[in-house]
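Geometric and topological summary
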Amino acid sequence: MSDHFDVVVVGGGPAGYAAALYGAAAGLNIALIEKSRLGGTCLHVGCIPAKELLETAAVFRTVKHASVFGVGTSEPTIDFGVTQVRKQGVIDTLTNGLAGLLKHRKVTVYDGVGVLASTGELKTVDVSGGSSGDLSVTGDSVVLAAGSVPRTIPGFDVDGTRIVTSDELLSIQELPARAAVIGGGAIGIEFASMMADLGTSVTVLEAMPKIIPGVDPDAARVVERSLKKRGIDIRTGVMVSGQEVVDGATRVSFGEGESVDVDMVVLSIGRRPFADMLGLDAVGIALDERGFIPVDASCQTQTPGVYAVGDIIATAQLAHIGFAEGMVAIRAILGEDPKPVDYQNVPWCIYCHPEVAFAGHTEESAKEAGFDVVTSTHKFAGNGRAMIVGETEGLVKVIAEKDADGTAGRMLGVHMVGPWVTEQLGQGYMAINWEATVDDVAHFIQPHPTMSELFGETVMALTGRGLHG
Ligand code: FAD
């Protein structure tokens, strides 16, 4: 086995394995170094386990409301140990599948910590501490994809049971009776939604004035209303000041002298880039003030031939953004002058109940960017399929540029909240990225009865001739 490669990738999460798979598909000889498990945060302590537990909550809700369909059941109960076994089964199958894909594409995988040792014409990465032993590999190019780790708060020492981050929460064997989720962003709200549906009494503590910042306010309001209806106590605009154990419970202090007693504190305050083990200092690659690796539009660092992708760079921390950046880096290495990722128009999905999905401008951001806009909003309450499924909370909102004659033109943003919207965003995402007008899109037929009819209806209304709205 040669220890020289076209590309050496450090980190086997979505960004790193995308670079490896895409590069190998293009005929490059690739090494992939991973210190822990292939699949990274996403597969082991992120997207996949979080969505698996949310699906458990969905099944629980469905069974709980089965009687309205005339289906008889007893009151559902939850055995979280069984849930965890199922979750692990999904993770293991996906991890094995990924290992198989890499092998099939002849990517050489090294188990160990990768440290960038030199960055001249030939780049060297030292590998150590894993089952591959201590060795050095060289590459014409290097892709750094070391990802991120949860942020913590001073005074909240993570012990894995009383105080947890997402890393620990996703593997708990029993749900707490009471939980405080600190942070009302996408991940915190997914956890709050999941736990509340499964019987935990949840308090969300968010420093910002609103939960899920960045989401269109009309969509965010639907989520907030639904969470509150399901008993979640949402406290916004409050800073958390400390915690102490009182009578066996954890008392979390926040705001102006307020507190809540819980059995588990879930820290969900974001993730920091994890460049700690890459050895960048020694090769003169500086981090920015927040710890991210600075890159240009093709994901190249200031050192020629060294690229960085995924959560380690200061772009949206999403697995599919990592995929996209991994592919951009490989295309740059191949000299193909890749189109940079258009960060303004990437898809975003939050899998709480009800789900949220959006791409492009919100009404506010479009106006801030100088667009004159028209909007159309339609509710799932009038959608046949949503009624059939029994999930009518939510809406679709489309933002379009107002043309000189006052009619709606190019689509700028699509915002959805409601049943299965994470599976419905595709059309809106494509329309925006293809710079389609509302007339272009309104022309397409939506199958009936589907929830995606609501998207079609919302766009059609912007042409001035809706059907049902
Ligand atoms: P990571 O996935 O963090 O992978 C980095 C890898 O590099 C790790 O395996 C690490 O062990 C390895 N590594 C680090 N340093 C070294 C080194 N020196 N040598 C060797 N290996 C090293 N995103 C979505 O798009 N959709 C979601 O629904 C979603 N849900 C999420 C839910 C939760 C609870 C969390 C925490 C995250 C979620 N994310 C989601 C975010 C997503 O998981 C991350 O954006 C994604 O995993 C980042 O990919 P990455 O490859 O950049 O980094």
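Look a little higher up for the structure.
So, here is what we can say about the structure in this document.

1. Let's talk about the sheet that holds strand β8 (residues 163–164)
What the five strands build is an open sheet, ordered β8-β15-β9-β10-β11; its pairing is parallel. Each of the sheet's edge strands pairs with one partner strand only, and the pair in question is β8 and β11 (233–236). Here strand β9 (residues 178–182) pairs with strand β10 (residues 201–206) via five bridges, running parallel. Paired with Arg178 across the bridge in β10 is Ser201.

2. Comments concerning the pairing of strand β19 (residues 355–360)
Burial analysis of β19 places six of its six residues in the buried class, which makes it a mostly covered element. For strand β18 (residues 347–350) and β19, the ladder comprises four bridges, and the chain directions are antiparallel. Counterpart to Pro347 in the pairing with β19 is Ala359. With antiparallel pairing between neighbouring strands as the criterion, β18 and β19 make up a hairpin whose turn holds four residues.

3. Notes on the site of the ligand
Near the ligand there are 39 residues, and of these Glu34, Thr41, Lys51, Gly114 and Ala319 occur at the shortest range. Taking Pro14, its main chain carries an N or O atom lying 3.2 Å from an oxygen atom of the ligand. The side chain of His320 places a nitrogen or oxygen atom 3.2 Å from an oxygen atom of the ligand. Computed on the free molecule, the ligand has an accessible area of 1,000 Å², of which 95% lies beneath the protein chains in the complex. Tallying contributions element by element places helix α2 (residues 40–45) first for the shell around the ligand, with four residues. In terms of residue class, the shell around the ligand is built from 18 nonpolar, 15 polar and six charged. Mapped onto the domain boundaries, the shell around the ligand takes at least three residues apiece from domain 1 (2–149 + 272–343) and domain 2 (163–269).

4. A few points about the side chain of Ser166
Its place among the elements puts Ser166 in helix α5 (residues 166–169). Residue classification places Ser166 among the buried positions, given a relative accessible area of 8%. Setting aside anything within four residues of it in sequence, one finds Ser166 in contact with Val45, Pro150, Phe191, Leu267 and Arg271.

5. Description of the sheet that holds strand β20 (residues 373–379)
Taken in spatial order, the five strands of this open sheet run β18-β19-β22-β21-β20, and their pairing is antiparallel. Strands with a single pairing partner mark the edges of an open sheet, and in this sheet they are β18 and β20. Taken pair by pair, the neighbouring strands of this sheet meet at an average axis angle of 15°, ignoring direction. As paired strands, β20 and strand β21 (residues 395–402) are joined by seven bridges and run antiparallel to one another. Paired with Lys379 across the strands is Leu395, a residue of β21. Here helix α11 (residues 425–433) sits on the sheet in contact with β18, β19 and β22 (408–418), set at roughly 155° to β22.

Thresholds, definitions, all that
Residues numbered from 1 in each chain as written. Predicted model: local features only at pLDDT ≥ 70, side-chain atom pairs only at ≥ 80, totals over all residues. Heavy atoms only, no water. Pairing = 2+ DSSP bridges. Helix = DSSP H or I, 4+ residues; strand = E, 2+ residues; numbered from the N terminus. Buried < 20%, exposed > 50% of the residue type's maximum accessible area, 1.4 Å probe, protein only. Near = heavy atom within 4 Å. Polar contact = N/O pair within 3.5 Å; in protein donor to acceptor, adjacent residues only side chain to side chain. Areas by Shrake-Rupley, 256 points an atom, 1.4 Å probe, with all protein chains shown as cover. Nonpolar A, V, L, I, M, F, W, Y, C, P; charged D, E, K, R; others polar. Domains from an automatic or database assignment. Contact = heavy atoms within 4.5 Å. Axes fitted to C-alpha atoms, helices over the stretch in contact; angles between N-to-C directions.

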